[in-house]
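Below, each chain spelled out in residue letters.
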Amino acid sequence: MSESIDLTGDGGVIKTILRHAKPDAAGPTENLPLVDVHYEGVLAETGEVFDTTHEDNSIFSFEVGTGAVIKAWDVALKTMKVGEIARLTCKPEYAYGSAGSPPDIPPDATLIFEVELIACRPRKGSSLDSVSDERARLEELKKQREMAAAVKEEEKKKREEAKAAAAARVQAKLSGKKGPGKGKGKAK
């Protein structure tokens, strides 16, 4: 039997690996947040199956970490790799809580899921390359904005220095005119 891992530190989500993924298998990441899974959910108390993708061989897809699924799944799927099958024991506070999910899941139910991670994908409209390209493009834009801000700051400084120099020249001229006249004045 595989070792059980307490993913939350409080016994709220216990993961037992039933089949390990290959060592080089991918897992969900910031670039691959969409996951496809097969699963079967049972009530821990009765062993009754309340939901499964196995009957119609469907695939359930969602984005990890967005709250689209119960908290236990967001926690557990982040730790899985493609090809892995795990049993997840989920306490009520990491599942449907005191409300349950009538009519299939009663209040305060502990749930057990057998989950197989089939695939991890980028968000729709992006590929790994486009995500990396977009990140690089945004980084380049940030650098360009920083350079433009530095140039503007330098120009502002030069304008202020020019204004100060012009003010000093005007002040010097004004100071010079206050003294005895040196110009072509007509004597009386």
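I will try to describe carefully the structure that is included in this document. (Residues numbered from 1 in each chain as written. Predicted model: local features only at pLDDT ≥ 70, side-chain atom pairs only at ≥ 80, totals over all residues. Heavy atoms only, no water.)

## Side note on the packing of aromatic side chains
Here is step 1 of the chain: Applying the stated criterion to the full structure yields eight aromatic pairs.
Here is step 2 of the chain: Where tyrosine 39 meets phenylalanine 60, the ring centres are 5.9 Å apart and the plane angle is 70 degrees; that geometry is what we call edge-to-face. Note that tyrosine 39 is positioned in strand β3 (residues 34-43) and phenylalanine 60 in strand β5 (residues 60-63), a separation of 21 residues in sequence.
Here is step 3 of the chain: Within the aromatic cluster, the residues linked to one another by ring pairs are Tyr39, Phe50, Phe60, Phe62, Trp73 and Phe113.
Here is step 4 of the chain: Above the plane of the ring of tyrosine 94 lies lysine 71, whose end atom (NZ or CZ) is 5.5 Å from the centre. (Phe/Tyr/Trp six-rings, centres within 6.5 Å; stacked < 30°, edge-to-face > 60°. Helix = DSSP H or I, 4+ residues; strand = E, 2+ residues; numbered from the N terminus. Lys NZ or Arg CZ within 6 Å of the ring centre and 35° of its normal.)

## So, the nonpolar core
Looking at soluble globular proteins, one finds that nonpolar side chains tend to be buried together.
Here is step 1 of the chain: Counting 28 residues, the largest nonpolar core has Val37, Trp73, Leu77, Phe113 and Val115 as the members making the most contacts within it.
Here is step 2 of the chain: Listed by contribution, the elements that provide at least two residues to this core are β3, α1 (71-77), β6 (85-90) and β7 (111-121).
Here is step 3 of the chain: No other element matches the five residues that β7 contributes to this core. (Core = buried A, V, L, I, M, F, W, Y, C linked by side-chain atoms within 4.5 Å. Buried < 20%, exposed > 50% of the residue type's maximum accessible area, 1.4 Å probe, protein only.)

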